[in-house]
Amino acid sequence: MNVQRGVELVVGLFVLAGIAALMVMALQWSNFGASRVAGYEVTARFDNVGGLSVQSPVKLAGLTIGRVDSIEIHPETFQAEVRMVIDDKYDNLPADSFANIYTAGLLGAQYVEISPGGALESLGDGDRITMTQSAIILESVVSKFLFDKAKE
Amino acid sequence: MKWSLNAIARLGRLFLDGAQHAGSMAFFALELAWVLIPTWSRPRDIFQQIYAAGVLSLVIILVAGGFVGLVLGLQGYNILSNFNASESLGVMVALSLVRELGPVVAALLFAGRAGSAITAEIALMKTTEQLAALEMMAIDPMRRVIGPRFWGAMISVPLLAAMFSLVGIVGGYLIGVVVLGVDQASYWGQIREQMEAWDDVAGGAIKSLAFGAVIALISVYEGYRAEPTASGMARATTQTVVLSSLAVLGLDFVMTAFMFGA
Amino acid sequence: MNNSRTNTDMIELDGVTFSRGAQVIFDGVDMRFGRGEVTVVLGPSGTGKTTLLRLIGGQVRPTNGRVLVDGAEVARARRKALYLLRRRMGVLFQNGALFTDLTVGENVAFPLRAHSRLDEALIRRIVLFKLEAVGLRSARDKYPGELSGGMARRAALARAMALDPEIMLYDEPFAGQDPVSMGVLLRLIRRLNDALGLTSIVVTHDVTEAMSIADRVIVIAGGRVIGQGTPEEVRAQREQEPALAQFLDGAADGPLNAAEEEIPLSADLGLRGER
């Protein structure tokens, strides 16, 4: 029976170790909880969202302050309406802030960068950011470059 | 002309044999399903099997995980450097492991080490009439012998896959950060930002659960249906490894398309 | 469903036919096994003697006919009834079939632990008694791998007897045994049967040894019964059955291997243009 006890102990440790590995990867090393951040909703319309997707980060001065919640086509303006959830901590973003879509590095994922404006009122839940800059589409830049070159 | 007809006939035979094999396994799976829950009335047996299948596979899994992580780190660094994106090494290693390599490689290794052992053991018990002895003692061998081994395998595989991925990520860290100079904060930070708890980690865990079930089923089936001869046993263990491996890879594609598909 | 008849037959086979694929193993055979008797089933290898035990134990079903154990039809028995029936039977398999990961003592205790709620102390006592009966008390803590063939068989016998069955089935118990072990086993089988009032069926092809302990003998060959009765009666039946005579005498040529001679060797070799 002693051997039996030993076996059960080892099996218990094995199972705990496996579950611990899973938990560490799921809770510690992942972006778990980031999307659970309590926040307020802000929308912005873009001509082109490029590679932006749901869960893409929303950053301010390089720091992630929120997530993209949904991206849909606005039925009247045919622009892409991006709905973002911004952490309640950052509740004093000026109402005339810019929302730009940048790319992290050369091949990185795309994100929304908020450039603060100077207005006194702050963005609140349900507000819309009016100043936006769409994602830079590589093909347009290249073709524009070639076009300009051809004109010369 | 006759040669090609023979070849086609051979193909047809292969297909029919395969279909019969699959059908037979399906019936067996149904029989097994009946006793899966009742098997837990003797948890000791199941713990014993988790030990035999899981704990004893730990060494090969951890060592392999370490090596795979090291190689991923090395190759990943080489490739990413071309794009000046070596800071993303952490994400590359972590996602490759958690989504794919962890579940798949751990499953393949398990099939080779523990799956074949289970098949051999059951086949031997069949050959030496131990299974028949159980039946004649009015004890259901499905419940006593097959069931616990199935659960043992199915529980072990996801745990082993998780540990494989963990060790691999650490391995990537060792090569990338400690040796090749990738920024430590970037390595972990990017993982923390990009790896999804639900989609990636849980997805990988679900995959390995499915793999575990498949390998467990194939291992016990081949043992139970093995011919009671020496060559029969050898063939059964080979079948287990081959079939399990193919099944894991095939299932991996299907599940990946389903979970991560565009 | 539990009708213990007053007739003397514990086990009956009624017109039983059994085939495996194209091969007919039993062709409408009738057999009787009396209560409290040792019945020896003789026959050449491969005539389905082991299949007979499987039919009685309910592991396989006859294609036709009935197999009755204590009045109950085995093939018709549902799961629970079949298991109850099996608890009344003990089987000694050809190579013992001991569980290799348990000691001898644990092997013998296995059916006790599975089918009774006796406490450990009592189980230990019973195990000792059973091992004593077969003369293996000293091997209690050995593993099957450490035993000789004869010892393993006796250990398996102790296990088969653990639940005090009424019926004992022996599958080729003397195969490959030295004369001494064989003698020990023969004596055990006979003594246990008499002391405990068992019904024993011994399947074997060792003619002389088996006949020495048999109350009744059944000889099967070619899917049918070619001799049945007490040992003396069966010996007397040799006159009518040439196959029986060949088997009992151990003769090299006779109806039992006639098939070999149907095609002359010269034809097979293609000599003299014959084919």
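It should be emphasised that the depicted structure is a prediction, and the values quoted were computed from it without experimental measurement. Along each chain, residue indices are assigned from 1 in the same order as the chain's sequence is written. Starting at A for chains and at 1 for ligands, labels are handed out in the order in which the entities are written. Residues qualify for local features only when their pLDDT is at least 70, as the model is predicted, and side-chain atom pairs are given and counted only at 80 or more; totals for whole chains, interfaces and linings, by contrast, use all residues. The side-chain numbers reported here are obtained from all heavy atoms of the structure, hydrogens and water having been left aside.

Time to look at the overall build of chain A. Helix and strand definitions follow DSSP, with helices as H or I runs of at least four residues and strands as E runs of at least two, each counted in order from the N terminus. Helix and strand content of chain A: two helices and eight strands. In chain A, the succession of helices and strands from N to C terminus is α-β-β-β-β-β-β-β-β-α. The atom set for the radius of gyration is the C-alpha atoms, and the globule formula is 2.2 Å times the number of residues raised to the power 0.38. The C-alpha radius of gyration of chain A comes to 23 Å, more than 25% above the 15 Å expected for a compact globule of 152 residues. With respect to the principal axes defined by its C-alpha atoms, chain A has extents near 90 × 45 × 30 Å. Across the 152 residues of chain A, 34% fall into the buried class. Long-range pairs, those at least 24 residues apart, make up 63% of the contacts in chain A with a sequence separation of at least 6. Using the Shrake-Rupley algorithm and a 1.4 Å probe, accessible areas are obtained, with residue cover drawn only from the displayed protein chains. Surface summary for chain A: the accessible area is close to 9000 Å², and the carbon and sulfur share equals 60%. Think of it this way: Lys and Arg go in the positive column, Asp and Glu in the negative one, and His and the chain ends go nowhere. Taken as the charge centre is NZ of Lys, CZ of Arg, CG of Asp or CD of Glu, depending on the residue. Between the mean site of the 11 positive side-chain charges and the mean site of the 18 negative ones, chain A shows a separation of 7 Å. Accessible area is worked out with a 1.4 Å probe on protein chains only. A residue is then buried under 20% of its type maximum, exposed over 50%, and partly exposed in between. When checking whether two residues touch, look at their non-hydrogen atoms; a contact exists if any pair is within 4.5 Å.

Relative orientation and spacing of two packed helices are given, respectively, by the angle between their axes and the distance between those axes. All names here are of chain B. Only the stretch in contact is used when a helix axis is fitted, and all axes are lines through C-alpha atoms; the angle between N-to-C directions ranges over 0 to 180 degrees. Contact pair helix H8 (residues 197–224) / helix H9 (residues 230–260): the axes reach a minimum separation of 9 Å and the direction vectors enclose 155°. The orientation of H8 relative to H9 falls into the category roughly antiparallel. The hand of the H8/H9 crossing is right-handed. Residues were grouped as follows: Ala, Val, Leu, Ile, Met, Phe, Trp, Tyr, Cys and Pro as nonpolar; Asp, Glu, Lys and Arg as charged; and all remaining residues, including Gly, as polar. Taken together, the residues that form the contact of H8 with H9 break down as 14 nonpolar, six polar and five charged. Note on angle classes: values under 35 degrees are labelled roughly parallel, values over 145 roughly antiparallel, values of 65 to 115 roughly perpendicular, and the remainder oblique. In a left-handed crossing the near helix is turned counterclockwise from the far helix by less than a right angle, and in a right-handed crossing that turn is clockwise.

Residues enter patches when they are more than 30% accessible in relative terms and free of salt bridges; like-charged ones are connected within 9 Å and nonpolar ones (Val, Leu, Ile, Met, Phe, Trp, Tyr) within 5 Å. Each reported salt bridge corresponds to a side-chain nitrogen of Lys or Arg within 4 Å of a carboxyl oxygen of Asp or Glu. On the surface, a cluster of nonpolar side chains totalling about 390 Å² of accessible area is made up of Leu9(A), Val10(A), Leu13(A) and Leu16(A). Mapped onto the elements, Leu13(A) comes out in helix H1 (residues 2–28).

Residues and elements named next belong to chain B. Residue count minus one, scaled by 1.5 Å, sets the expected span of a helix. Its 39 residues give helix H6 (residues 141–179) an end-to-end C-alpha distance of 54 Å, which sits within 8% of 57 Å, the value for a rise of 1.5 Å per residue. At Gly147, H6 shows its maximal kink, close to 35°; a proline, Pro148, follows between one and four residues later. Immediately downstream of H6, the backbone of Gly181 shows phi near 85°, a positive value. Fitting one axis to the seven residues ending at a residue and another to the seven starting there, the bend at that residue is the angle between the two axes.

With 21 residues of chain C at the interface, the matching set in chain B holds 13 residues. Buried area counts how much accessible surface, traced with a 1.4 Å probe, disappears from two parts once they are put together, with both parts' losses summed. Summed over both sides, the interface of chain C with chain B buries roughly 1600 Å², with 62% coming from carbon and sulfur. For Arg79(C), the salt bridge goes to Asp140(B), with nearest N and O atoms at 3.7 Å. In protein, a polar contact means a hydrogen-donor-capable atom and an acceptor-capable atom, both N or O and within 3.5 Å, with residues adjacent in sequence counting only if both atoms are side-chain atoms; elsewhere, any N or O pair within 3.5 Å suffices. At the surface where chain C touches chain B, the tally comes to four residue pairs in polar contact (both at pLDDT 80 or more). Where the side of chain C that touches chain B is concerned, the elements lending two or more residues are helix H1 (49–57), helix H2 (79–87), strand S6 (89–92) and helix H3 (104–115) of chain C.

Moving on, we get to helix H4 (residues 120–134) of chain C. Residue and element names in this part refer to chain C. Between the first and last C-alpha of H4 there are 21 Å, a value that for 15 residues agrees with the 21 Å anticipated at 1.5 Å per step. Looking only at H4, the buried set comprises Ile123, Val127, Lys130, Leu131 and Val134. All buried residues of H4 fall inside an arc of 95° around its axis, so they share one side. For H4, the exposed residues lying more than 90 degrees away from the buried face are Ala121, Arg125 and Phe129. Structurally, H4 contributes buried residues whose contacts are with H3, helix H5 (149–160) and helix H6 (179–196). Measuring from the side-chain oxygen of the N-cap residue of H4 to the backbone nitrogen of Ala121 gives 3.1 Å; that N-cap residue is Asp119. Backbone geometry just downstream of H4 places Gly135 in the positive-phi region, at approximately 75°. An arc is given here, and it is the one of the directions from the helix axis to the C-beta atoms.

Glancing now at the side chain of Glu73(C). Residues and elements named next belong to chain C. With respect to the secondary-structure elements, Glu73 resides in strand S5 (residues 72–73). Within the buried set, Glu73 has no salt-bridge partner at all; the shortest N-O distance to an opposite charge, 4.1 Å, is to Arg76. Ignoring sequence-local partners within four residues, the contact set of Glu73 consists of Arg66, Val67 and Leu68.

Relative to the assigned elements, Asp140(B) resides in the loop between helix H5 (130–136) and H6. Exposure remark for Asp140(B): the relative accessible area of 17% places this residue in the buried category. Not counting the four nearest positions on each side in its chain, Asp140(B) is found in contact with Val35(B), Arg79(C) and Tyr83(C).

Here we take up the sheet that holds strand S4 (residues 64–69) of chain C. All names here are of chain C. The strand order S2-S1-S4-S5 describes an open sheet built from four strands, whose pairing is antiparallel. The open sheet terminates on both sides in strands that have one partner only, identified here as strand S2 (23–34) and S5. In this analysis, strands are considered paired if DSSP registers two or more bridges between them. Summarising the sheet, S4 and S5 pair through two bridges and their orientation is antiparallel. Directly across from Leu68, in S5, lies its bridge partner Glu73. Those strands touched by H1 are strand S1 (9–20), S2 and S4, and its axis lies near 115° from that of S1.

This part covers the interface of chain A and chain B. Taken together, the contact between chain A and chain B spans 27 residues of the former and 30 residues of the latter. Between chain A and chain B lies a buried interface of about 2500 Å² when both sides are counted; carbon and sulfur atoms form 74% of it. For the chain A face of the interface with chain B, the top three residues by lost area are Phe14(A), Met25(A) and Trp29(A), together amounting to 31%. One salt bridge in this structure joins Arg44(B) and Glu8(A), with 2.8 Å as the shortest N-O distance. Between the two partners, chain A and chain B, sit three residue pairs in polar contact (both at pLDDT 80 or more).

Glancing now at the arrangement of the chains. Here two pairs of chains are in contact, and chains A and B lead that list by number of contacts. Between chain A and chain C there is no contact, and the shortest C-alpha to C-alpha separation is 12 Å.

Another point: the pairing of strand S2 (residues 57–60) of chain A. Residues and elements named next belong to chain A. Side chains Pro57 and Lys59 project from S2 onto one buried face, and the interleaved Val58 and Leu60 project onto a second face that is buried too. Sheet topology note: the S2/strand S3 (residues 63–73) ladder contains four bridges and is antiparallel. Residue pairing in the sheet places Pro57 in a bridge with Arg67 of S3. The pairing of S2 with strand S6 (residues 110–115) spans three bridges and is parallel. From the neighbouring strand, Val58 faces S6, where its bridge partner is Val112.

What follows concerns the pattern of salt bridges. Here the structure, examined in full by the defined rule, presents 22 salt bridges over all chains. Residues Arg83(A) and Glu41(A) are paired through a salt bridge, measuring 3.7 Å at the closest nitrogen-oxygen approach. Taken as a pair, Arg83(A) in strand S4 (residues 80–87) and Glu41(A) in strand S1 (residues 39–46) lie far apart in primary sequence, 42 residues in all. Judged by its relative accessible area of 28%, Arg83(A) is partly exposed. A network of salt bridges, in which partner residues are shared, links Glu12(C), Asp14(C), Arg32(C) and Arg66(C).

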